[in-house]
Amino acid sequence: CFQPEGQAAEVLKEDGLNRGDTIPSQRTQGAGTLDVTAFQFGDVTGAVSAFTYLRKPESRLVLSGNGKIGSEMASSGAGDFIFRSGITVVIADASKAGASVVNDLRSLETTLPKIGGTKAQSPLLPTLLPAKGLEVESVRYALGPVGYQAMGGVLPGAIIGFDKSAEVVMAKYKGGGMLTLLLYPTPQIAGNHGRAIVAEMNRQGAAAGTVKLRREGTLVSMT
């Protein structure tokens, strides 16, 4: 059983990590070695958050085509891959492999555990990001304060309300600026934390830059 350390351990705990394993993967074709580590979470929501945290900043999403594996996939082009299949996030180092490993990873993906019911539902919040001008590689989705700040969050994690089941998604847009969406269980909780965020932005003053905040029901948006 593989256990992450340091900041990664804290973030993946926030995401509901159940276990991590280094998987010996036998190549179906070609020589070389393929080093694979897999993390399994309690639900798809946690796995989605972990995927955005574990994905390297320089990696590029594989959005479609025969090279895509699982529900989400990215690669930096330097022999490393990451993909999410249901509640499992897989990181593969193919830098020592002698040929393309896509078929190997696809075979591995078929052996990963499947899940149904509410735990299999993808989070709604990332789908609320406006598509126009969105830099898709910049999207980061957080379920806890450590993960939020590790992925570039601009607010103190303690005021967001993760202890009230808050979710946060952040993304950059072409032309500059970052949009942050915060989703809460009830409008009252959203209102309380929205006011706390306004107070924090006022405290920061000019150092916070130009900030606009809006609340609609359970959703708070900040630019």
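For the structure, see preceding data.
Computed from a predicted structure; not experimentally measured.

Student: Mind laying out unusual backbone geometry, listing which residues take part and the relevant values?
Tutor: Of note, Ser165 is a non-glycine position whose phi angle comes to about 70°, a positive value. Among the structural elements, Ser165 can be located in the loop between α4 (145-150) and β8 (167-172).

Student: Lay out the nonpolar core in plain terms, naming residues and giving numbers.
Tutor: Judged by nonpolar contacts, the single largest core of 29 residues is most densely connected at Leu54, Val89, Tyr148, Ile160 and Tyr184. Mapped onto this core, the elements with two or more residues apiece are α1 (6-14), β2 (35-41), α2 (44-54), β8, α5 (187-204) and β11 (219-222). It is α2 that provides the largest number of residues to this core, a total of 5 residues.

Student: If you had to explain the pairing of strand β9 (residues 178-183) to someone new, which residues and values would you point to?
Tutor: Within β9, 5 of the 6 residues are buried, leaving the element largely enclosed by the surrounding structure. In terms of strand pairing, β8 meets β9 through 6 bridges, oriented antiparallel. Paired with Val169 across the bridge in β9 is Leu181. The turn linking β8 back onto β9 is made up of 5 residues, and Gly175 within it adopts a positive phi angle of 95°. With 4 bridges connecting them, β9 and β11 associate as antiparallel partners.

Student: Kindly report on the packing of aromatic side chains, identifying the contributing residues and their values.
Tutor: A complete count under the given rule lists 1 aromatic pair for this structure. Measuring from ring centre to ring centre gives 6.1 Å for Tyr148 and Phe162, while their planes differ by 50°; the resulting arrangement is tilted. Linking Tyr148 in helix α4 with Phe162 in the loop between α4 and β8, this pair joins segments that are 14 residues apart in sequence. Residue Tyr148 is classed as buried on the basis of its relative accessible area of 0%.

Student: So what's going on with the pattern of salt bridges? Which residues, and what values?
Tutor: One pass over the full model with this rule turns up 5 salt bridges. The residue Arg203 makes a salt bridge to Glu200 at a minimum N-O spacing of 2.8 Å. Of the two residues, Arg203 and Glu200 both sit in helix α5, 3 residues apart, roughly one turn of that helix. Given the relative accessible area of 61%, Arg203 is considered exposed. The class for Glu200 is buried, based on a relative accessible area of 11%. Two residues, Arg214 and Glu216, come together in a salt bridge whose shortest N-O distance is 2.8 Å. Note on Arg214: relative accessible area 54%, which makes it exposed.

Student: I'd love a proper account of the pairing of β8, names of residues and values included.
Tutor: Among the 6 residues that make up β8, 5 are buried, leaving the element largely enclosed by the rest of the structure. Where strand β7 (residues 140-142) lies against β8, 3 bridges are found, and the strand directions are antiparallel. When the sheet's bridge partners are listed, Tyr141 is paired in β8 with Val169.

Reading the values: the criteria
Per chain, the residues get numbers from 1 upward, laid out in the order the sequence is written. Residues qualify for local features only when their pLDDT is at least 70, as the model is predicted, and side-chain atom pairs are given and counted only at 80 or more; totals for whole chains, interfaces and linings, by contrast, use all residues. Calculated side-chain values reflect all of the structure's heavy atoms, with hydrogen atoms and water omitted. Helix numbers and strand numbers start at the N terminus; a helix is a DSSP run of H or I with at least 4 residues, a strand a run of E with at least 2. Working definition of a nonpolar core: buried Ala, Val, Leu, Ile, Met, Phe, Trp, Tyr and Cys residues. They are joined through side-chain atoms within 4.5 Å. Throughout this description, buried means an accessible area under 20% of the type-specific maximum (1.4 Å probe, protein chains only), exposed means over 50%, and partly exposed covers the range between. At least two bridges found by DSSP between two strands are what make those strands a pair. Put simply, two rings from Phe, Tyr or Trp (the six-membered ring, in Trp's case) pair if the centres are within 6.5 Å, and we call them stacked under 30 degrees between planes, edge-to-face over 60, tilted for the rest. Each reported salt bridge corresponds to a side-chain nitrogen of Lys or Arg within 4 Å of a carboxyl oxygen of Asp or Glu.

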